[in-house]
Amino acid sequence: MTAYKSDFLNVLAERGFIHQVSEPDALDQIARSKTITAYIGFDCTAASLHIGSLLPIMMLHWLQRTGHQPIALMGGGTTRVGDPSGKDESRRILTDEMIGENLKGIRAIFDKFLKFEGAGGNALMANNADWLNSLNYIDFLRDVGRHFSVNRMLSFDSVKMRLERQQELSFMILQAYDFVELNKRTGCVLQMGGSDQWGNIVSGIDLGRRMSNAQLFALTAPLITTSSGAKMGKTAAGAVWLNADLVSPYDYWQYWRNTEDGDVARFLKLFTVLPLDEIGRLAALQGSEINEAKKVLATEATAMVHGRAAADAAADTSRRTFEEGTHAENLPTVEISGAELANIGVLTAFVRAGLVSSTGEARRQIKGGGLKVNDATVTDEKMVLTAAALTADGIIKLSLGKKRHVLLKPA
RNA sequence: GGGAGAGUGUCCCGAGUGGCAAAGGGGGCGGACUGUAAAUCCGCUGCUUAUGGCUUCGUAGGUUCGAGUCCUACCUCUCCCA
């Protein structure tokens with residue numbers, strides 16, 4: 001179905017990663033004849049990345065697999081400015097120490113997907129703070145700013161420029177500059193990103209042509225939503241993070257296990273590295289058999305992030321919990337002191353386990369019959385847990401609904 | 001610079017013009033049905049030490065027994081004219 005000649009573009013196209021490409025033929029040609037270097041920018045406002053970032057990460061993964069060089073660019077410099085595109089809240093400005101901490105957490109994730117230099121690969125991790133922090137404002141205006149004409153700037157937004165707009169504009173210029181700088185430093189010729197990044201990437205291409213007569217390319221991925229139209233990876237409860245200390249491998253596995261039928265094939269292509277014919281076989285499963293495909297999806301996707309062993313353990317725990325009804329000791333566990341356990345109200349216990357966010361919510365869930373202690377529905381909100389509630393294994397199993405379980409263990 | 005309008009339950013949208021913990025959606029969570037799916041139906045969706053107490057309608061003051069609602073100032077956003 002695709003006419004690409006290079007492995008790289010072929011794989012991305014077949015698996016559904018491509019939304020737009022600038023000058024596809026020229027890029028295809030280059031990717032076939034030599035190793036190209038490409039980058040994707042990541043924001044480091046948090047200590048982890050969530051599922052929303054998974055798609056770009058997979059693009060870098062395939063880039064490396066098909067023989068090219070990926071660069072993960074951390075926005076250490078731009079984060080110091082704060083991102084003006086989000087509304088008020090995300091505009092917080094972080095200190096250098098916080099950014100440094102975040103970078104460490106994020107780096108750990110990339111290590112699972114890319115082989116960096118020193119670990120037998122050629123992937124690079126760059127930080128735009130390296131060049132942005134030392135920029136001289138006057139020089140920058142002279143060398144870079146002049147390429148952004150007033151006309152062009154006006155075409156982006158309203159005539160009236162508020163302070164805020166100026167910051168937003170600067171942000172765009174800085175992102176464009178990143179591309180040019182990376183091109184100069186590493187020979188990087190391709191920037192990838194989500195479809196919302198198209199404008200910024202193209203600005204970078206433009207700037208590259210003006211400043212150093214470089215031929216640069218853009219490739220964007222489609223915005224991934226579930227079949228029901230929801231954005232991925234964000235629930236009211238919180239984002240689905242990739243770091244194990246924020247979202248356990250078990251919960252991560254469960255997230256994928258609960259994928260809607262209509263998304264299974266697409267997600268297998270995007271978020272696992274299974275061969276396409278294998279995916280085709282799984283996608284052909286009908287009715288309840290598609291659950292087998294979901295399990296494969298969950299295990300493979302979890303293995304990418306948390307490793308094969310953790311994925312298998314999560315699959316095993318799930319099987320025992322859901323299919324055999326026994327409780328496996330691998331469920332998420334919350335430790336609680338013996339003194340506290342001696343006399344704790346159910347409401348508090350569920351809050352401590354993190355299954356509900358307040359005692360008020362616990363109360364409501366009890367009214368709706370949604371809470372269970374050791375598989376027995378809680379009917380009395382004044383119920384008190386004591387050591388007598390411990391099962392033979394010395395734990396108490398708390399459940400919210402049918403799917404979410406936490407073990408309470410005396411410390 | 002001049003003119004018009006808007007900011008509501010800390011997920012989003014959005015009614016509300018003196019009695020309000022505040023209509024209605026979406027989303028989310030729980031229940032039923034299923035296949036740990038979707039669709040559908042039902043319940044819930046400020047906090048709490050709970051027949052009570054406390055905190056919420058951009059921010060700060062004011063009027064009033066009582067303010068999301070009226071008055072004043074300020075902040076932010078959108079649109080129109082320069």
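Conventions adopted
- Per chain, residue numbering runs from 1 following the sequence as it is written.
- Lettering for chains starts from A, numbering for ligands starts from 1, and both go in the order in which the items are written.
- This being a predicted model, a pLDDT of at least 70 is required before a residue's local features are given, and a value of 80 or more before pairs of side-chain atoms are given or counted; all residues contribute to the totals for chains, interfaces and linings.
- The side-chain figures draw on all heavy atoms in the structure; neither hydrogens nor water molecules are used.
- Surface patches are defined over residues having more than 30% relative accessible area and no salt bridge, joining like charges when they lie within 9 Å and nonpolar side chains (Val, Leu, Ile, Met, Phe, Trp, Tyr) when within 5 Å.
- Here, Shrake-Rupley sampling with a 1.4 Å probe gives the accessible areas, and only protein chains in the shown set may cover a residue.
- Should a side-chain nitrogen of Lys or Arg be within 4 Å of a carboxyl oxygen of Asp or Glu, the pair is scored as a salt bridge.
- In this text, helices come from DSSP runs of H or I with a minimum length of four residues, and strands from runs of E with a minimum of two, each type numbered from the N-terminal end.
- Only buried Ala, Val, Leu, Ile, Met, Phe, Trp, Tyr and Cys residues count toward a nonpolar core, and they belong to the same one when joined by side-chain atoms within 4.5 Å.
- Each residue is placed in one exposure class: buried if its accessible area under a 1.4 Å probe, protein chains only, is under 20% of its type's maximum, exposed if it is over 50%, and partly exposed if it falls in between.
- Here, residues are in contact when the closest pair of their heavy atoms is within 4.5 Å.
- To be near a molecule or strand, a residue needs just one of its heavy atoms within 4 Å of it.
- Nitrogen and oxygen atoms within 3.5 Å of one another constitute a polar contact, given that in protein one can donate a hydrogen and the other can accept it, and given that sequence-neighbouring residues count only through two side-chain atoms.
- For this scheme, ten residues count as nonpolar: Ala, Val, Leu, Ile, Met, Phe, Trp, Tyr, Cys and Pro. Four count as charged, namely Asp, Glu, Lys and Arg, and the remainder, Gly too, count as polar.

### Digging into a nonpolar patch on the surface
There is a patch of nonpolar side chains on the surface, built from Y137, I138 and L141 and spanning about 360 Å² of accessible area. When you line up the elements, Y137 lands in helix 7 (residues 137-143).

### Brief notes about the nonpolar core
Within the largest apolar cluster, 66 residues are counted, with the highest numbers of intra-cluster contacts made by F110, L190, M192 and W256. Not counting residues up to four positions away in its chain, the partners in contact with M192 are F8, L12, A38, Y39, I40, M59, L60, I201 and L219. By size, the runner-up hydrophobic cluster in this structure holds 25 residues, among which are L73, L174, V180 and C188.

### Side note on the protein's contact with RNA strand B
Around RNA strand B, 32 residues are found, and the nearest of them are N258, D261, R363, R364 and Q365. By atom count, sugar and phosphate contribute 63% of the portion of RNA strand B lying within 4 Å of the protein. Between RNA strand B and the protein, one listed contact pairs a base nitrogen with a side-chain N or O atom of D261 at 2.7 Å. Measuring from a phosphate oxygen of RNA strand B, one finds a side-chain N or O atom of R364 at 2.4 Å. Sorting the residues of the surface near RNA strand B by element identifies helix 9 (163-186), helix 11 (249-257), helix 14 (290-306), helix 15 (308-324) and helix 18 (359-367) as the ones contributing at least two each. When residues in the surface near RNA strand B are grouped by element, the largest group, 5 residues, is from helix 18. Each residue belonging to the surface near RNA strand B can be placed in one class, and the counts come to 5 nonpolar, 15 polar and 12 charged.

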